[in-house]
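# A structural walkthrough
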2 protein chains.
Amino acid sequence: MRRISQYIGCLLCVVALPVLAGNLKLPKNLIALDSKEGQEIFQQSTYKADFWPLMENIETQQNLMYSGVASMVVALNALNVDPPTEPAHAPYKMYTQNNIFTPAVLKITTPTNVNKRGVNLTELEKMLGDYPVKALMYRTNDTSYKEFKESAMHALKTGKGYVIVNFDRRTMGEKGGGQFSPIAAYDATTNRFLIVDVARYMYPPVWVNGLDLWHAMKAVDTRTHEPRGFVIISKL
Amino acid sequence: MRRISQYIGCLLCVVALPVLAGNLKLPKNLIALDSKEGQEIFQQSTYKADFWPLMENIETQQNLMYSGVASMVVALNALNVDPPTEPAHAPYKMYTQNNIFTPAVLKITTPTNVNKRGVNLTELEKMLGDYPVKALMYRTNDTSYKEFKESAMHALKTGKGYVIVNFDRRTMGEKGGGQFSPIAAYDATTNRFLIVDVARYMYPPVWVNGLDLWHAMKAVDTRTHEPRGFVIISKL
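Residues numbered from 1 in each chain as written. Chains lettered and ligands numbered in written order. Predicted model: local features only at pLDDT ≥ 70, side-chain atom pairs only at ≥ 80, totals over all residues. Heavy atoms only, no water.

### A closer look at the overall build of chain A
- In terms of regular secondary structure, chain A is built from eight helices and seven strands.
- Against the 2.2 N^0.38 benchmark of 18 Å for 236 residues, chain A shows a C-alpha radius of gyration of 17 Å, consistent with a compact globule.
- Residue burial in chain A is summarised as follows: out of 236 residues, 60% are buried.
- Considering only residue pairs separated by 6 or more positions, chain A has 67% of its internal contacts joining residues 24 or more positions apart.
- For chain A, the computed accessible surface area is about 8,900 Å², with 54% contributed by carbon and sulfur atoms.
- Between the mean site of the 26 positive side-chain charges and the mean site of the 21 negative ones, chain A shows a separation of 0 Å. (Helix = DSSP H or I, 4+ residues; strand = E, 2+ residues; numbered from the N terminus. Rg over C-alpha atoms; globule rule 2.2 N^0.38 Å. Buried < 20%, exposed > 50% of the residue type's maximum accessible area, 1.4 Å probe, protein only. Contact = heavy atoms within 4.5 Å. Areas by Shrake-Rupley, 256 points an atom, 1.4 Å probe, with all protein chains shown as cover. Lys, Arg positive; Asp, Glu negative; His and termini not counted. Charge placed at Lys NZ, Arg CZ, Asp CG, Glu CD.)

Printed below as a string of structure tokens:
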């Protein structure tokens, strides 16, 4: 996948758009990318090398429990690391939310399990361990806000890593529960990260304040009783 | 839509090429959106009101024959016209490449038929007729290049209509056969349209010269022996 180190386009002329298909109303602390303000933030951002590879590979989680799996698929396709041949698309190659379950991954979790309870951060890290990538997991109980920002900003600036965040929607003012999604950009002026939600039927890409996102990642996973966090995925 | 001989040709091509996120090598007449030149064209374009709704709803065709179905789904989700509740995502609503086959649509064609031979422009128009949208079909044998450009540019400028083109890849220098995909922008300076290909495993979004696209739409559909063309979909 091609990429450029810095997006140079001016998007101010893009009109503010109506609410997209199936989307819930955004809380006031979140700014939709496709709003006038969201476009202005995008224009001034200098941490967006990951943006186009992610947007060109973004897909909707295939059911309500698949946000971790979908986020992993988007990152692997954006990284373009040895995608498998997908029977329905042969001879072409791509990661999908189905073929991601290799025999090795099935020892960690199964589609049946994911359908019941999703994946957690530990499972996601293990699943990524079966792919030819470097996956660094950070939990918010042993990582500082400063460390989160610096490592995420570095990945977004260089385009060499993709960041998947695991956050609690309610802490961020959204409806729903725990969610995985990639982040695609950061803007230093407003201190906002761009979450490209894989539940596209719920929320469009939104700019969220860094501290709001941090607090949403600090929220404990009610199933594992562990704090949430983030994963940075890069080539070996 | 593809003959066996073309299929084998594609296979050989894939083997010979370096892997680019499943993407084939672009012919020289096409400019990738995420290249430096592609970004410059995007910056100067003033016909891109459709761009964000399309990019936020773009999805990959679910098999090699589903480009028409996928393009229709992307346009309906971008228009946000009364999406159905999808069981896997209930209570949320969205069009999918499966739920698009309502009882009314199944009288026009079926997933089994689409798996065998895709859809043609006439079928696509009829399928859209079962949804609450206005769908205007234009065939290149009774439409002029000027009419195509004017109607597509109007839709892309105002954001009030989504344009799906049905073109022959080979005429445009690509590998493969007939294809449907939405176009998301137009740039007057270079006279290029932006095709956001639903076969994301083959090609990234590309800027194509207007006349090259027109010739690719003039190519006869080898199954129906009719010229190809385009559809503009808007709210009622």
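Still more to cover.
### A look at the packing of helix α4 (residues 67–79) of chain B against helix α7 (residues 121–128) of chain B
Residue and element names in this part refer to chain B.
- Remark: α4 packs on α7, axes separated minimally by 11 Å, with the N-to-C direction vectors making an angle of 35°. Relative to α7, α4 is oriented so that their crossing is right-handed. Contact residues: α4 offers Gly-68, Val-69, Met-72 and Leu-76, while α7 offers Leu-124, Met-127 and Leu-128.
- A breakdown of the residues in the contact of α4 with α7 according to their chemical character gives six nonpolar, one polar and no charged. (Axes fitted to C-alpha atoms, helices over the stretch in contact; angles between N-to-C directions. Left-handed = near helix turned anticlockwise from the far one by under 90°. Nonpolar A, V, L, I, M, F, W, Y, C, P; charged D, E, K, R; others polar.)

### Some details on the sheet that holds strand β5 (residues 192–195) of chain B
Residues and elements named next belong to chain B.
- Spatial strand order, β1-β6-β5-β4-β3-β7-β2: seven strands in an open sheet with antiparallel pairing. The sheet is open, and its two edges are formed by β1 (31–32) and β2 (133–139), each paired on a single side.
- Where β1 and strand β6 (residues 206–209) come together, two bridges link them in antiparallel fashion. By the bridge assignment, Ile-31 is partnered in β6 with Trp-207.
- On top of the sheet, α4 reaches β2, β3 (161–168), β4 (178–187) and β7 (229–235); it is set at about 35° to β4, its chief contact. (Pairing = 2+ DSSP bridges.)

### Some remarks on the sheet that holds strand β7 (residues 229–235) of chain A
Residue and element names in this part refer to chain A.
- Sheet architecture is open: seven strands sit in the order β1-β6-β5-β4-β3-β7-β2, paired in antiparallel fashion. Of all the strands in the sheet, just β1 (31–32) and β2 (133–139) have a single pairing partner and so form its edges.
- In the sheet, strand β3 (residues 161–168) pairs with strand β4 (residues 178–187) via six bridges, with the strands oriented antiparallel. Bridging across to β4, Ile-164 finds its partner in Pro-182.
- Lying over the sheet, helix α3 (residues 67–79) contacts β2, β3, β4 and β7, oriented at roughly 35° with respect to β4.
- Lying over the sheet, helix α6 (residues 121–128) contacts β2, β3, β4 and β7, oriented at roughly 165° with respect to β2.

### Observations concerning the packing of aromatic side chains
- Overall, the coordinates contain 29 aromatic pairs over all chains when judged by the stated rule.
- Centroid distance B:Tyr186 to B:Phe193: 4.5 Å. Interplanar angle 45°. Geometry classified as tilted.
- On the accessibility criterion, B:Tyr186 (2% relative accessible area) is buried.
- Three or more aromatic residues joined by ring pairs form one cluster here, namely A:Tyr47, A:Tyr138, A:Tyr145, A:Phe148, A:Tyr186, A:Phe193, A:Trp214 and A:Phe230.
- Lying across the ring of B:Phe42, B:Lys48 places its NZ or CZ 4.3 Å from the centre.
- Positioned over the ring face of B:Tyr47 is B:Lys157, at 4.7 Å from the centre of the ring. (Phe/Tyr/Trp six-rings, centres within 6.5 Å; stacked < 30°, edge-to-face > 60°. Lys NZ or Arg CZ within 6 Å of the ring centre and 35° of its normal.)

### What to know about helix α2 (residues 36–44) of chain B
- Taken together, the buried positions of α2(B) are B:Gly38, B:Gln39, B:Ile41 and B:Phe42. The buried residues of α2(B) occupy an angular sector of 160° when projected down its axis, which confines them to one face.
- Contact partners of the buried residues in α2(B): α2 (51–55) of chain A together with β1, α3 (51–55), β4, β5 and β6 of chain B. (Arc of directions from axis to C-beta.)

### Observations concerning the pairing of strand β6 (residues 206–209) of chain A
- Taken together, the four bridges between strand β5 (residues 192–195) of chain A and β6(A) define a ladder with antiparallel strand orientation. Within the sheet, the bridge partner assigned to A:Arg192 lies in β6(A) and is A:Asn209.

### Regarding the pairing of β4(A)
- Counting buried positions along β4(A) yields nine of 10 residues, so the element is predominantly enclosed.
- Where β4(A) folds back onto β5(A) in an antiparallel hairpin, the turn is made up of four residues, including A:Asn191, whose phi is positive at roughly 55°.

### Here we look at unusual backbone geometry
Residue and element names in this part refer to chain A.
- At the junction of Ala-90 and Pro-91, the peptide bond is cis and its omega measures out at 10° in the coordinates.
- Among the structural elements, Pro-91 can be located in the loop between α3 and α4 (103–106).
- In the Ramachandran plot, Asn-80 falls in the positive-phi region, its phi being about 60° despite a non-glycine side chain.
- Among the secondary structure elements, Asn-80 is positioned in the loop between α3 and α4.
- We classify Asn-80 as buried; its relative accessible area is 13%.

### Focus on the pattern of salt bridges
- One pass over the structure, following the stated rule, counts 16 salt bridges over all chains.
- Between A:Asp221 and A:Arg228 there is a salt bridge, with the nearest N and O atoms lying 3.9 Å from each other.
- Residue A:Asp221 is classed as buried on the basis of its relative accessible area, which comes to 11%.
- Put simply, B:Glu123 and B:Arg117 hold a salt bridge, and the shortest N to O gap is 3.2 Å.
- A relative accessible area of 11% places B:Glu123 in the buried class.
- The network of salt bridges with common partners includes A:Arg169, A:Glu174 and A:Asp197. (Salt bridge = Lys/Arg side-chain N within 4 Å of Asp/Glu carboxyl O.)

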